[in-house]
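Listed here are the chains, written in short residue letters.
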Amino acid sequence: MFYNLGEGYYSRELKERQFSEAQSLIKRGRYADAIALLRRAVVDCYTSAEYYLAYCHSHGYGVERNLEAALRWYGISCGRYSDWAKKDYEAVVAQLGERRRQLPEHEVFADSEFGEIRVHLSTRTDYAQVSFAAGHTYVNQHVSEPYDMAVAHICRALVNADWRRQGYDYGRIDENFEINFPLFKLRIERGQREGYSYKKNGEIYTIIAPYDVNFDNPCVREYIIKYGVGLLKRAAEEYLPQRVAVLSAQTGLYYSRCRVVAKSWGYYHYKSGVVSLSYFLMKCTAEFVDAVIIHELVHSLCKRHDKHFYDTLLQYGGERVVEVDKNSIGANNRVELL
């Protein structure tokens, strides 16, 4: 797939190859196939592809004739590309006339690869925002950009999502997909309804996908990962505060409340007594989680990591907790889910 590079950027070599293939398809009259490649080639402003997209929209080649979309594509490419792009831009402006003032702010269109895309044009957005939802993908972009630019923004968002996950390979996401962490396990099954839901059986959370879900759609896969992260947080919010309460009662160490966050393993807020714990702890062993909790509770007595702190940690947690704490057992397996 063109968007899945495993890198944090969209390579120029790939865009040039896509544009070259698109030109070949245009010569053979396969405009619809060419449009799909051109849309992906415009990521990070490949100006030749922008001009060809404008030309196709203004003449109805491969897409329904749309002068508004053509105007925006010409507007993006002219001044960066050539004088004849400016000339075409002025020609479209003359054809539109007063219609330019009535351009819609919202548009919904279907893409053969990404499914339904909902676009909102805004004058307040300097950069595009992409969110993956159940059944569609939402893009909020600047009013100067064409609706089709949403496809390029989705490509970039998917590439950046791969980069954020540091190349972690989930394998194929379908009914056979599963993740097995010590305190959290995730499954997927196809349900009988249209929307997404989940069920829980012990430590196993199961995402119930719609009966007609297309697992080959990259936006669907990204939404499922996002849904899985939400279930990981939910599991952490159920388990971690309960363990803090139990260990606080056993040791007599004070805390006011437990907060589940996405940052480092744990943090004790000395003034408020709040214990902050990462939901990524659900991927570690129960022993490691308890060691982190006792470590943070000991901070209610000792603020700094000095000899007094570790003597106190030994007193309340025992030798094994001190060993786990110093060696950070389980921390090396911290593979981000998102």
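These notes cover the structure that comes with them. (Residues numbered from 1 in each chain as written. Predicted model: local features only at pLDDT ≥ 70, side-chain atom pairs only at ≥ 80, totals over all residues. Heavy atoms only, no water.)

### With respect to helix 6 (residues 149-164)
Since the α-helix advances by 3.6 residues per turn, residues separated by three or four positions end up pointing in the same direction.
Next, step 1: The terminal C-alpha atoms of helix 6, which comprises 16 residues, lie 23 Å apart, in line with the 22 Å expected from a rise of 1.5 Å per residue.
Next, step 2: Across the 16 residues that make up helix 6, a large majority, twelve, are buried.
Next, step 3: Three or more residues of helix 6 are buried, namely Met 149, Ala 150, Val 151, Ala 152, His 153, Ile 154, Cys 155, Ala 157, Leu 158, Val 159, Ala 161 and Asp 162. (Helix = DSSP H or I, 4+ residues; strand = E, 2+ residues; numbered from the N terminus. Expected span 1.5 Å × (residues − 1). Buried < 20%, exposed > 50% of the residue type's maximum accessible area, 1.4 Å probe, protein only.)

### Concerning the packing of aromatic side chains
Next, step 1: As enumerated under the stated definition, the model contains 13 aromatic pairs in all.
Next, step 2: Judged by centre distance (6.2 Å) and plane angle (35 degrees), the rings of Tyr 196 and Tyr 227 are tilted. You can see Tyr 196 sitting in the loop between strand 6 (185-190) and strand 7 (197-201) and its partner Tyr 227 sitting in helix 7 (residues 218-251), a full 31 residues away along the chain.
Next, step 3: Assessed through its relative accessible area of 17%, Tyr 196 is described here as buried. (Phe/Tyr/Trp six-rings, centres within 6.5 Å; stacked < 30°, edge-to-face > 60°.)

### Topic: the state of the cysteines
Next, step 1: The final tally for this structure, using the stated rule, is zero disulfides.
Next, step 2: Considering cysteine sulfurs only, Cys 155 is the nearest to Cys 219, which forms no disulfide, with 8.6 Å between them.
Next, step 3: The class of Cys 219 is buried, set by a relative accessible area of 4%. (Disulfide = S-S within 2.5 Å.)

It is worth stressing that arrangement in space is one thing and function is another; only the former is reported here.
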